[in-house]
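Structural overview for review
If you want the building blocks of each chain, they are given just below.
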Amino acid sequence: MRSLIDILELSVEELESLIAKAEDIIANPEKYAHKCDGKKLATLFFEPSTRTRLSFEAAMYELGGNVLGFSEAQSSSAAKGESVADTAKTVSCYADIIAMRHPKEGAPLVASMNASVPIINAGDGGHNHPTQTLADLLTIHREKGRLNNLTVGLCGDLKFGRTVHSLIAALSRYTGIKFVLISPLELKLPDYVKESLKKNGIEFFETADLEAVMPELDILYMTRVQRERFFNEEDYLRLKDSYILTSEKLVHAKKDLSILHPLPRVNEISVAIDNDPRACYFKQVLNGKFMRMALILMLLEVE
Ligand code: CP
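As a starting point, this report considers the structure included with it.

Rules and cut-offs
Residues numbered from 1 in each chain as written. Predicted model: local features only at pLDDT ≥ 70, side-chain atom pairs only at ≥ 80, totals over all residues. Heavy atoms only, no water. Near = heavy atom within 4 Å. Polar contact = N/O pair within 3.5 Å; in protein donor to acceptor, adjacent residues only side chain to side chain. Areas by Shrake-Rupley, 256 points an atom, 1.4 Å probe, with all protein chains shown as cover. Nonpolar A, V, L, I, M, F, W, Y, C, P; charged D, E, K, R; others polar. Helix = DSSP H or I, 4+ residues; strand = E, 2+ residues; numbered from the N terminus. Contact = heavy atoms within 4.5 Å. Axes fitted to C-alpha atoms, helices over the stretch in contact; angles between N-to-C directions. Left-handed = near helix turned anticlockwise from the far one by under 90°. Pairing = 2+ DSSP bridges. Buried < 20%, exposed > 50% of the residue type's maximum accessible area, 1.4 Å probe, protein only. Arc of directions from axis to C-beta. Parallel < 35°, antiparallel > 145°, perpendicular 65-115°, else oblique. Salt bridge = Lys/Arg side-chain N within 4 Å of Asp/Glu carboxyl O.

Some thoughts on the site of the ligand
Lining the immediate surroundings of the ligand are Ser49, Thr50, Arg51, Thr52, Arg101, His129, Gln132, Pro262 and Leu263. In the environment of the ligand, an oxygen atom lies 2.9 Å from a nitrogen or oxygen atom belonging to the side chain of arginine 101. Leucine 263 places a main-chain nitrogen or oxygen 2.9 Å from a nitrogen atom of the ligand. Contact with the protein chains hides 92% of the accessible area of the ligand, taken as 260 Å² for the molecule alone. Considering only residue class, the shell around the ligand consists of two nonpolar, five polar and two charged.

Here's what the structure looks like:
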């Protein structure tokens, strides 16, 4: 039995196989409509979500399965003090696979050590978000036709942005990847992630100036400043609008730039950009469902 807690648990070959499976699901949805008949997915969300929870649920329904779960900690027995370990043991009695989001880093790992069914990390604190990375990789692959030889700008809250940490880990295994890390000083990428880039010989540089680096980028990955991870509101209010992408800021961007954002967007991308052909963030939302379908099939070992 296999869980997915960290994107690095999937080899490059497995990522490619998941992308190929998602492409086949997109092309032939009817082939997959009964693959999970009789199976149940539990979505245990101790933190708010729109895309991740609903795309997991849509994914399971489109595979013919069923869904149960909760969307906030307060409506579960966690509110009465039940541990993550006991929750995982309990829900294993009701479901064949579990997707869990939790504000504490490592909670899905603890769940996986106690559950008797596969656990999927649907986001743990400011740490990791591997299934968002699956959505990101399929989007980049569909837009660019490759996952190598790309200059990738990551902009915004690189300190708390868990999607950034997982995406960097995944792309670091491809050749010719260069990261441009664009953030205010206070929201720089954590040292442990930079150390791993250095150890793996991955090219990167840090800047606070988005417009200066714009012409170089193949991918621009915008992120929200993560209000829920701040210790004080004043710092959040000071930093929240550090980067707002507008059409003017794209004047010197490549014509084939791909603009991604894991969403939710607060104010980081002007809505006027939604009509720009380079805006990929709503395609990313849809791609997330297909990659989660592919992942559920893999972890449930459905042929
Ligand atoms: N990208 C993402 O995790 O969105 P949600 O918080 O809406 O699930």
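As for the side chain of threonine 223
Residue position: threonine 223 is located in the loop between β8 (219-222) and α9 (233-239). Among the polar contacts made by the side chain of threonine 223, one reaches the main-chain carbonyl oxygen of cysteine 155 at a distance of 2.9 Å. Looking at threonine 223, its side chain comes within polar contact range of the main-chain nitrogen of aspartate 157, at 3.0 Å. Among residues more than four places away in sequence, those in contact with threonine 223 are Cys155, Gly156, Asp157, Thr163, Val164, His261 and Glu268.

Observations concerning the packing of helix α1 (residues 12-27) against helix α10 (residues 281-299)
Where α1 contacts α10, the axes come no closer than 8 Å and their chain directions differ by 115 degrees. Crossing geometry of α1 relative to α10 is assigned as right-handed. Contacts between α1 and α10 pair Glu14, Leu18, Ile19, Lys21, Ala22, Ile25 and Ile26 from the former with Phe290, Met291, Met293, Ala294, Leu295, Leu297 and Met298 from the latter. Here the contact of α1 with α10 is composed, by residue class, of 12 nonpolar, no polar and two charged.

Remarks on the sheet that holds strand β1 (residues 40-45)
Two pairing modes exist for strands in a sheet, parallel and antiparallel, and in both the strands are linked by backbone hydrogen bonds. One open sheet accounts for four strands, arranged β2-β1-β3-β4; its pairing is parallel. Only two strands of the sheet have a single neighbouring strand rather than two, namely β2 (66-70) and β4 (119-124). Going from strand to strand, the sheet's axes swing by 15 degrees on average, the running direction of each strand aside. Here β1 runs beside β2; their pairing, made up of five bridges, is parallel. Paired with alanine 42 across the bridge in β2 is leucine 68.

Here we look at helix α4 (residues 107-114)
Every buried residue of α4 is listed here: Ala107, Pro108, Ala111 and Ser112. One face of α4 carries all of its buried residues, which in axial projection span an arc of 140 degrees.

Comments concerning the packing of α1 against helix α5 (residues 130-144)
Close contact between α1 and α5 brings their axes to 10 Å; oriented N to C, the two are set at 75 degrees. Comparing the axis directions of α1 and α5 gives the class roughly perpendicular. Residue-level inspection shows Leu15, Leu18, Ile19, Ala22, Glu23 and Ile26 of α1 in contact with α5, the latter providing Leu134, Leu137, Leu138, His141 and Arg142.

Overview of helix α3 (residues 84-91)
Those residues of α3 not exposed but buried are Val84, Ala85, Thr87, Ala88 and Val91. All buried residues of α3 lie within an arc of 165 degrees about the axis, which places them on one face of the element. Taken together, the buried residues of α3 touch β1, β3 (97-102) and α4.

Regarding the pattern of salt bridges
The tally for this structure, following the rule as stated, stands at 22 salt bridges. A salt bridge links arginine 162 to glutamate 47; the shortest N-O distance between them is 3.1 Å. Of this pair, arginine 162 sits in helix α6 (residues 162-171) while glutamate 47 sits in the loop between β1 and α2 (51-62), and the two are 115 residues apart along the sequence. The salt bridge partner of lysine 194 is aspartate 191, with a shortest N-O separation of 3.7 Å. Separated by three residues within a single helix, lysine 194 and aspartate 191 lie in helix α7 (residues 191-199), roughly one turn from each other. You can call aspartate 191 exposed: its relative accessible area is 56%. Put simply, Lys188, Asp191, Lys194 and Glu206 are held in one network by salt bridges that share partners.

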